[in-house]
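# Reading the structure
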Amino acid sequence: MKQIALLLPLALLAACGQEAEVAPAAAETVAAAPEPVSTLPAPDQQTFSNAFAVACEGAKPVNTAVCKRAGIGSKDVICEYGLGDDEYLRNKATLTANEDSTGWVLADPTTVCAATGA
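One numbering rule holds for all chains: residues counted from 1, following each sequence as written. Two thresholds apply to this predicted model, a pLDDT of at least 70 for residue-level local features and 80 or more for giving and counting side-chain atom pairs, whereas whole-chain, interface and lining totals are computed over all residues. Values shown for side chains rest on all heavy atoms present in the structure; no hydrogens or waters enter the calculation.

Helix numbers and strand numbers start at the N terminus; a helix is a DSSP run of H or I with at least 4 residues, a strand a run of E with at least 2. Tallying secondary structure elements over the chain gives three helices and four strands in all. Beginning at the N terminus, the succession of helices and strands in the chain can be written as α-α-β-β-β-β-α. Counting the 118 residues in the chain, one finds 19% classified as buried. Across the chain, the fraction of contacts at a sequence separation of at least 24, relative to all contacts at a separation of at least 6, is 35%. The cut-offs for exposure are 20% and 50% of the maximum accessible area for each residue type, with area from a 1.4 Å probe on protein chains only; residues under the lower value are buried, those over the upper are exposed, and the others partly exposed. Between two residues, a contact is recorded if the distance between any of their heavy atoms is within 4.5 Å.

This brings us to the pattern of salt bridges. Here, a salt bridge means any side-chain nitrogen of Lys or Arg that lies within 4 Å of a carboxyl oxygen of Asp or Glu. By the definition in use, this model includes one salt bridge. A salt bridge links Asp86 to Arg90; the shortest N-O distance between them is 2.6 Å. Asp86 sits in the buried class, given a relative accessible area of 18%.

Now for the confidence of the model for the chain. Per-residue confidence for the chain averages 82 on the pLDDT scale, and 68% of its residues sit at or above 70. Confidence scores per residue from the predictor, reported as pLDDT, run from 0 to 100. Within the chain, no element has a lower average pLDDT than helix H1 (residues 2-16), which sits at 67, and none a higher one than strand E2 (residues 77-83), at 94.

Turning to the environment of Arg69, a few remarks are in order. Its location among the elements puts Arg69 in strand E1 (residues 62-69). Between the alpha carbons of Arg69 and Ala42 there is a distance of 8.7 Å; along the sequence they are 27 residues apart. Those residues in contact with Arg69 that lie beyond four places of it in its chain are Ser74, Lys75, Asp76, Val77 and Trp104. Counted as a polar contact is a pair of N or O atoms within 3.5 Å, where, for protein atoms, one must be capable of donating a hydrogen and the other of accepting one, and residues adjacent in sequence contribute only when both atoms are in side chains. Separated by 3.2 Å, the side chain of Arg69 and the backbone oxygen of Lys75 make a polar contact.

Here we come to the nonpolar core. Across soluble globular proteins, you tend to see nonpolar side chains buried next to one another. In these notes, a set of buried Ala, Val, Leu, Ile, Met, Phe, Trp, Tyr and Cys residues joined through side-chain atoms within 4.5 Å is what counts as a nonpolar core. In terms of nonpolar packing, the biggest core is built from 17 residues, with Phe48, Phe52, Val62, Tyr81, Leu95 and Leu106 touching the most fellow members. Listing elements by their share of this core, those giving two or more residues are helix H2 (45-55), E1, E2, strand E3 (91-97), strand E4 (104-106) and helix H3 (109-115). Looking at which element gives the most residues to this core, the answer is E2, with four residues.

Inspection of H2 places Phe48, Ser49, Ala51 and Phe52 among the buried residues, and these make up the whole buried set. Viewed along the axis of H2, the buried residues span an arc of 165 degrees, placing them on a single side of the element. Opposite the buried face of H2, by more than 90 degrees, sit the exposed residues Gln46 and Val54. On its buried face, H2 sits against E1, E2, E3, E4 and H3. For this quantity, the arc is that covered by the directions from the helix axis to the C-beta atoms.

With that settled, consider the packing of aromatic side chains. A pair of Phe, Tyr and Trp rings is counted when the ring centres sit within 6.5 Å of each other, with Trp represented by its six-membered ring. The angle between the planes then sorts it: under 30 degrees is stacked, over 60 is edge-to-face, the rest tilted. Scanning the entire structure with this criterion turns up three aromatic pairs. With centroids separated by 4.8 Å and ring planes inclined at 45 degrees, the aromatic side chains of Phe48 and Tyr81 adopt a geometry described as tilted. Residue Phe48 is found in helix H2, and its partner Tyr81 is found in strand E2; the two are separated by 33 residues along the sequence. Tyr81 carries the same exposure label as Phe48, and that label is buried.

Written out as structure tokens, the structure reads:
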């Protein structure tokens, strides 16, 4: 029994010295590239000013504008703005992506332009 007790640690040491079997290399899989998502940059004062000027020709120029998303997950943006010498954000308009999602346009230009007197 003593001999078995002495041989057991030697057997364990010998087993530790052996190299582990190398697992076969996994087959390489090519992950499909995700489709590019067209995202517009957040509109700033200049972006809103340009969209407003295109939609409402003859209106006073935009003096100041602040835009924010209409809600979580919404694609539209609500902008508050002031025209001419007005430094207050007295007016509101909604911007939405154009047909090919490359730029911003006014969602309801006739109402916005009529409200500003253009």
